[in-house]
Amino acid sequence: VQLVESGGGLVQPGGSLRLSCVASGFTFSRYTMNWYRQAPGKERELVAAIGSAGSTTYYPDSVKGRFTISRDNAKNTVLLQMNSLKPEDTAVYYCKVRLGGMDYWGKGTLVTVSS
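1. Some words on the pattern of salt bridges
Line of reasoning, step 1. Going through the model one piece at a time under the given rule, you end up with 6 salt bridges.
Line of reasoning, step 2. Between E45 and R37 there is a salt bridge, with its nearest N and O atoms 2.7 Å apart.
Line of reasoning, step 3. Exposure remark for R37: the relative accessible area of 6% places this residue in the buried category.
Line of reasoning, step 4. One salt bridge in this structure joins R98 and D103, with 2.7 Å as the shortest N-O distance.
Line of reasoning, step 5. Owing to a relative accessible area of 48%, R98 belongs among the partly exposed residues under this scheme.
Line of reasoning, step 6. With relative accessibility at 30%, the residue D103 sits in the partly exposed group.

Written as C-alpha cells, this is what we have:
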C-alpha cells in the first residue's frame, strides 16, 4: 500500500490550495479515504472523509464549508480542495486508508497559511 500526497505549500490567509493523494497497492474504489492534519504540538485530526463511491462525505465543523473532498476512482486519486484558508489551518496534511483493521498513511504534505 502506498499513499503519496502533494500540493502543499505557502499560501496567504484567504487563499486556496488543492491537495492530491495518489494511492496504489489496493483496490482503491472499495475503500473510504480520509484526510487528516497535524499542527505543531497538536494531535492529528480528521478533516475530511469520503465513501468508496464518492457520494458520502464528512467534515468537522472546523473546515465545513471551506474544504471539499472528492475522488477519482479511475485515477486512484483523492483530492482536498481548501478555500478561505486561515493561519490555524497550518499543518502537515496526511492521506489515510484503513484496510483489514490497519491504518495506512502517506508521508504528508505541509500547508502553511501566513502573510
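And the narrative resumes.
2. Regarding the sheet that holds strand 7 (residues 67–72)
Line of reasoning, step 1. Spatially, 4 strands are ordered 1-3-8-7 in an open sheet, and the strand pairing comes out antiparallel. Edge strands, defined here as strands with exactly one partner in the open sheet, are strand 1 (2–6) and strand 7. Taking each pair of neighbouring strands and ignoring which way they run, the sheet shows an average axis angle of 15°.
Line of reasoning, step 2. For strand 7 and strand 8 (residues 77–82), the ladder comprises 6 bridges, and the chain directions are antiparallel. When the sheet's bridge partners are listed, T68 is paired in strand 8 with Q81.

Criteria and cut-off values
Sequence order as written defines residue numbering, which begins from 1 separately in each chain. Local features in this predicted model are restricted to residues of pLDDT 70 or higher, and side-chain atom pairs are both shown and tallied only at a pLDDT of 80 or more, whereas totals for entire chains, interfaces and linings draw on every residue. Here the side-chain values reflect all heavy atoms present in the structure, with hydrogen atoms and water set aside. Counted as salt bridges are all cases of a side-chain nitrogen of Lys or Arg within 4 Å of a carboxyl oxygen of Asp or Glu. Only protein chains enter the accessibility calculation, which uses a 1.4 Å probe; a residue is then buried when its area is under 20% of its type maximum, exposed when over 50%, and partly exposed in between. When DSSP locates at least two bridges between a pair of strands, those strands are taken to pair. The way it works is that DSSP assigns letters per residue, a run of H or I at least four long becomes a helix, a run of E at least two long becomes a strand, and they are numbered from the N terminus. Convention adopted: a line fitted to C-alpha atoms gives each axis, helices being fitted over their contacting stretch, and angles between N-to-C directions are expressed from 0 to 180 degrees.

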